[in-house]
Amino acid sequence: MVSQTVSTASNRFALRRLGDGRDSTSFAEDVREGLTARQKSLPPKYFYDALGSQLFEAICHLPEYYLTRAESEILRDNADEIVASAAGRPARLVELGSGSAEKTRYLIDALLNRQPSLHYVPVDISRVSLERSSFELLQIYPRLSITAYAADYFTALKALAETASSGERTIALFLGSNIGNFDPDGSRAFLSELRRMLRPGDALLVGADLKKAGEVLIRAYDDALGVTAAFNLNLLVRMNRELEANFDVAKFSHRATYNQELGRVEIRMVSLEPQTIRLRALDLEVSFREGETIHTENSYKFDVEQLAGMARATGFAPERTWFDSARRFSFNLFAAS
Ligand code: AVI
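Residues numbered from 1 in each chain as written. Predicted model: local features only at pLDDT ≥ 70, side-chain atom pairs only at ≥ 80, totals over all residues. Heavy atoms only, no water.

Some thoughts on the site of the ligand
Here is step 1: The full set close to the ligand counts 13 residues, and Tyr-65, Asn-181, Tyr-221, Glu-297 and Ser-299 are the nearest of them.
Here is step 2: At 2.6 Å, a side-chain N or O of Glu-297 approaches a nitrogen atom of the ligand.
Here is step 3: Contacts to the ligand include Ser-299, whose side-chain N or O atom sits 2.6 Å from an oxygen atom.
Here is step 4: Considered on its own, the ligand offers 340 Å² of accessible surface; in the complex 98% of this is hidden by protein. (Near = heavy atom within 4 Å. Polar contact = N/O pair within 3.5 Å; in protein donor to acceptor, adjacent residues only side chain to side chain. Areas by Shrake-Rupley, 256 points an atom, 1.4 Å probe, with all protein chains shown as cover.)

Observations concerning the pairing of strand S5 (residues 118–124)
Here is step 1: Burial of S5 is extensive: six of the seven residues sit out of reach of the surface.
Here is step 2: By the bridge criterion, four bridges tie strand S4 (residues 91–96) to S5 in an arrangement that is parallel. Residue pairing in the sheet places Leu-93 in a bridge with Tyr-120 of S5.
Here is step 3: The handedness of the S4 to S5 crossover, carried by helix H4 (residues 104–112), is right-handed.
Here is step 4: Two strands pair when backbone bridges link them, and S5 and strand S6 (residues 144–150) are joined in this way by five bridges, in the parallel orientation. Its bridge partner being in S6, His-119 is matched across the sheet by Ser-145.
Here is step 5: The parallel pair S5 and S6 is bridged by helix H5 (residues 127–140), and the resulting crossover is right-handed. (Buried < 20%, exposed > 50% of the residue type's maximum accessible area, 1.4 Å probe, protein only. Helix = DSSP H or I, 4+ residues; strand = E, 2+ residues; numbered from the N terminus. Pairing = 2+ DSSP bridges. Right-handed = clockwise from strand over helix to strand, strands pointing away.)

Overview of empty space enclosed by the protein
Here is step 1: Counted according to the given criterion, the structure contains one cavity of 30 Å³ or more.
Here is step 2: Mapped onto the lining of the largest cavity, the elements with two or more residues apiece are helix H2 (50–59), helix H8 (214–221), helix H9 (227–243) and strand S13 (293–300).
Here is step 3: A per-class count over the lining of the largest cavity returns ten nonpolar, six polar and one charged. (1 Å grid on protein atoms, 1.4 Å probe; cavity = no way out; pocket = protein on both sides within 12 Å on 5 of 7 lines; lining within 4 Å. Points joined across faces, edges and corners; volume = space filled by probe spheres on them. Nonpolar A, V, L, I, M, F, W, Y, C, P; charged D, E, K, R; others polar.)

As structure tokens, this is what we get:
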């Protein structure tokens, strides 16, 4: 694992890049594996290149994508109570998948009302998002310091386990229903790894979208402006750029369906005609039948009992849940037991 620390002029900010330093190679390997399987698929973590991260931020502003607004409402109305329930004494804030970190401000405000300074540790796959959001936060909050990790969750969690200082609680944040993008085994593995990073008395706050009518969910993942379609199809653009592929974006469409039995929205790209694509960097040709799909993401929806069960199975005690006024979204406090 290569760790590179970049400190900026401000001594309140450090960026750590963790990984093997060969991201394009792992993208290449995952694309080869995914596109040569019987059911073609691509891992959703590759959505988040520079454009994909911006498209996701745009999704969060869409009228149909209620998740961000519902979660912000919960945080706006309950941040003080949440922070008081999560930490009895000074705490650092570790956020997995921090993105733009806009909602995090409610918790930063609440923590800075209770303690003289705050160490914020955002983790995100996108270095660009980390830098942009960190610089904004540092300008707003003079009592904040930031150590940002550009890494995937598992790599960052391993590194973070060694960084907790004694006397300080850790509040870990996993917002935006990111938990829904794991399959059930993946969530358990992730929560267990997170638990290993925490000590008894630390807390985990998980934002999780709730089960609801399929039509509402489909609209949220197939919006009228086509932003989610662009977010999904941008994976083709990324393969064209990084793997010298020749996908014609116009020959694929975006599809979102709700699988009620499994409680998840399923996202796919659909080939609109028979076609053969060349990926020169992989020395690979991939054929598609008309209507053949590439599965790109699942977004699981939960009920509160299910979330509590997941917490108990991974070394946490479920303590409290907050809801938005329309009960679309939940915010869950789990104590590291
Ligand atoms: C990041 N994640 C929680 C989003 C979701 O709702 O599952 C990703 C997303 N995919 C399409 N729209 C949003």
